[in-house]
Amino acid sequence: MTAEYTSPAVPPPGAAPPTAGPPTDPPADPGSTSPVADLPVPPDGAPLVEETPPPDDGTPWQRLDGRMIGADALRVLLSMAPAAVALLVVGVEPDAGVVWPLAILAAWGAFKAVRNTVRWVTTRYRLTDDYLERRTGLLVRSHRSIRRERVRSVDGEARLLQRLFGLRRVKVGAGQMNTAMESALVLDAVSRAAARDLHARLLGEDRTAAASTVAPSTGAASTAATAAAGTPAGGEGPEAAAPTGAAPQQLSRLRPRWVVYNCFSVWGLLMAAGLAWGGWVTLGMFGFNAFAWVRGLADWGAIGVPGTVAAAVLAAWALGVVGLAVNFATTYAHFRLERTTGDHGAVLRTTQGLFRTQEINRDENRLRGATLSEPLLWRWLRVADPAIITTGLSVWSSASAILPRCPREHARGVLTEVLRAGDDDPLRARLHRHPAGALRRRLVWAVAVATTAIAVLAWLAATTALPHAVWWVTGAVLLPAGCGLAVAGYRSLGHAFAGPWVVVRSGAVNRATSVLRTGAVSGVRVRQSLFQRRLGLATVTVSTAAGYGAYEAVDLAAPRAAEFADRALPGGVAAFLEADPPVR
Amino acid sequence: MTSISLRPPRHRVQRRVVAWWTLRALCGTALAAAAPLAAWFLWESSRTWTGPVAVAVLALGLLYAAVTPSWRYAVHRWETTDEAVFVAAGWFVRDWRIAPISRIQTVDTSRGPIEQLLGIATLVVTTASAGGAVHVRGLAPDVARASAEQLAEITRRTPGDAT
């Protein structure tokens, strides 16, 4: 394929100010073809992040914080501690199986310490009137600068060691780099005060708000103040929100019982395997044979194979649950979701973490909608996974999950508040059911797949040594399970319009309700297979430059497909509607 | 039988595109059949099952190459207005796509070697979404170029942020 002719069809920057769509979106990059290409581009066409030095105005350069060295010294000591304890205190015989892991551990610690020291020596940064600049690198020098008005986020995070020394890792985002899941510029690490200062100077927030978020350990004290300052969220746009410097509005915080919803998962078994293996290796280093200990716990021979397997699965499951619970508690401790207002409009900010603290800021101007997923096993408990649909963020990035798994009603309330959709309440909108043909389509598929599997197994049983029990047991499981999923899938189908929001819901195992602003829809697609045509169904996909990029209303009544498309893409479809719609 | 209440787009494409689709289907069939055929020639003990597999792949591929190009041609239509680009495509699964002018990012024409030989071109309209670009295959080259220029011109006049 040769592209012989290309015409950039985007209006020249500055010639046509953005009038449609969500507010304050700069014109998109004409050359950008990445899946989520809805990115701000500077009005003068300059890149967001520059690799050449801007004019020097004499501002002194600053170093990263010297306490990094202290943290690294401690890191070296800690990485050598297991070796010291094993060899000196416990008096383990130093054979190869013990020495190598300990040596690798110590070497890794020393390597990281040396790397950090080199970074401390070679890195300088400064904040001039126009630019944030950073010079770094030992062999390959790099000079990176971001124009201050392009800075969209300043996120701080700290690992345990860094927290002990009052250090913060600061990630500065200029919008563009978020697509590649990396920040425009990282300063690792500066002091807590310097991080707070950078945040305040770059995003123009008042000091109290910045202080309460950069230092999560003091969160309890500031929570009361921020909760009292909550402003009512209505249909007002981001510009109409509280003035610059207002105290953050708290939208949600962690409830301890959420840990129950987050500690049962398939990943628990994997985690248990990892924990068991790690424990076995560690204890083995100290000359303790965990395997023999487990074998001595009970008379496994008397219990028999099924009993032993059941006990193993149960133990692994329990270990996994505990592991996930601890993991959740440390990651989401002090979790808060807030809305703050800075120079560039409102920002949704989450702060969380017990040992490793993390703060993520999301530009509200990029918000296009939200998704509420309800996994099948959790639906009866009315628990859901909320996420936001936003441009410039990968769907796999943790930044799109603004809340952990939590009760559905709470998630709906928070998402509605986040979207400022209180008047229309799209997440609680009554959904239109899809026609019975959709149920028939799912049942036919379920039966077809199950019968094919049964037929293949029966044929194998007839021609090979496969026992006949296999095919009828498979059939007895597959047929009802398939039909059950078909019914569940049909019952989860739905769509609605609520004010400027289009709502679609689908999914048998993971029922996902997606709410998308119609102004953010960048195209519609109607698909209809021959089977769907016979059943009077059609699937409409609305595409957008955010989140998954496409959201589907599956198996609508065919005559309503065009109407749905027309409402999802106002004004774009009317010219293509049939003059006399067929009789329904 | 229930159809959706969209009227078909106004313009059909060049008949020559059927040849292009046929060629593409034949190339795909050849690639898919290459593996079992190679095994049949090189590995004698496998002939009992690679033979039937190769025959099945070839038969299905040839059927596909015989049926789908004219089916696609019958379905494939396109239209541009001052507000949107409207394309209908597909065969077993039919596919209607509407991209509003205000959301268009780039308009390209592209011609692969075989398309150049057949004297046809493809119009590619990109919007800012993961849904992918809208392709109109099988246009006469001058028509494709004129439409691309016209679309670019309309897009320049249309206020929008292409998101």
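Residues numbered from 1 in each chain as written. Chains lettered and ligands numbered in written order. Predicted model: local features only at pLDDT ≥ 70, side-chain atom pairs only at ≥ 80, totals over all residues. Heavy atoms only, no water.

The name an unreviewed UniProt entry gives chain B is PH domain-containing protein, with Streptomyces bohaiensis as the organism.

An unreviewed UniProt entry annotates chain A as PH domain-containing protein originating from Streptomyces bohaiensis.

Draft legend 1. Region of the structure containing the overall build of chain A. Within chain A one finds 17 helices and 22 strands. Residue burial in chain A is summarised as follows: out of 584 residues, 45% are buried. Excluding contacts between residues fewer than 6 apart, the proportion of contacts in chain A whose partners are at least 24 apart in sequence is 60%. By element, 65% of the accessible surface of chain A is carried by carbon and sulfur atoms, the whole surface being about 27,700 Å². (Helix = DSSP H or I, 4+ residues; strand = E, 2+ residues; numbered from the N terminus. Buried < 20%, exposed > 50% of the residue type's maximum accessible area, 1.4 Å probe, protein only. Contact = heavy atoms within 4.5 Å. Areas by Shrake-Rupley, 256 points an atom, 1.4 Å probe, with all protein chains shown as cover.)

Draft legend 2. Quick peek at the pattern of salt bridges. Residues and elements named next belong to chain A. Under the counting rule described, the total for this entry stands at 27 salt bridges over all chains. A salt bridge links Asp 65 to Arg 67, with the nearest nitrogen and oxygen atoms 3.0 Å apart. Classification of Asp 65 by relative accessible area gives buried; the value is 17%. By relative accessible area, which is 38% here, Arg 67 ends up partly exposed. As a salt-bridge pair, Arg 442 and Asp 555 come within 2.6 Å of each other at their nearest N and O atoms. One end of the pair, Arg 442, is in helix α14 (residues 436–463); the other, Asp 555, is in strand β22 (residues 550–557), and 113 residues separate them in sequence. Of the two residues, Arg 442 and Asp 555, neither departs from the other in class, the shared state being buried. What emerges from the salt-bridge pattern is a single network uniting Arg 119, Glu 157, Arg 169, Asp 188 and Arg 356. (Salt bridge = Lys/Arg side-chain N within 4 Å of Asp/Glu carboxyl O.)

Draft legend 3. Examining unusual backbone geometry more closely. Residue and element names in this part refer to chain A. In this chain, Asp 188 is followed by Ala 189 through a cis amide linkage whose omega measures 5 degrees. Looking at where Ala 189 falls in the secondary structure, it is placed in strand β9 (residues 185–191). Positioned with a positive phi, Arg 382 is a non-glycine residue whose angle comes to about 55 degrees. With respect to the helices and strands, the residue Arg 382 is situated in the loop between α12 (376–379) and β15 (383–390). Of the residues examined, Arg 382 reaches a relative accessible area of 54% and is grouped as exposed. With a phi angle near 55 degrees, Arg 420 is a residue other than glycine that sits in the positive phi range. The class of Arg 420 is buried, set by a relative accessible area of 11%.

Draft legend 4. Region of the structure containing the domain arrangement of chain B. Residues and elements named next belong to chain B. Here chain B is partitioned into domain 1 (12–73) and domain 2 (78–157). The C-alpha centroid of domain 2 is placed 29 Å from the C-alpha centroid of domain 1. On the side of domain 2, 14 residues touch domain 1, which itself brings 13 residues to the contact. Around 1,200 Å² of area is buried between domain 1 and domain 2 when both sides are counted, 69% of it from carbon and sulfur atoms. Looking at the side of domain 1 facing domain 2, the largest losses of area belong to Arg 16, Trp 20 and Trp 71, adding up to 40% of the total buried there. Linking domain 1 with domain 2 are zero salt bridges, by the criterion used here. Counting every contact that joins domain 1 to domain 2 gives three residue pairs in polar contact (both at pLDDT 80 or more). Among the elements of the structure, α1 (17–42) and α2 (47–75) are those that each provide at least two residues to the side of domain 1 that touches domain 2. Ranked by residue count, the leading element in the side of domain 1 that touches domain 2 is α1, at five residues. (Domains from an automatic or database assignment. Buried area = accessible area lost by both parts, 1.4 Å probe. Polar contact = N/O pair within 3.5 Å; in protein donor to acceptor, adjacent residues only side chain to side chain.)

Draft legend 5. Main features of the UniProt feature "transmembrane region" (unreviewed entry) in chain B. All names here are of chain B. UniProt marks residues 21–43 and 49–67 with the feature "transmembrane region" (unreviewed entry), using the numbering shown here. Spanning residues 21–43, this segment combines 96% helix with 0% strand, and its end C-alpha atoms are found 33 Å apart. For residues 49–67, the helix share is 100%, the strand share is 0%, and the end-to-end C-alpha distance is 27 Å. (UniProt positions renumbered as here; feature names shortened; annotations may be inferred.)

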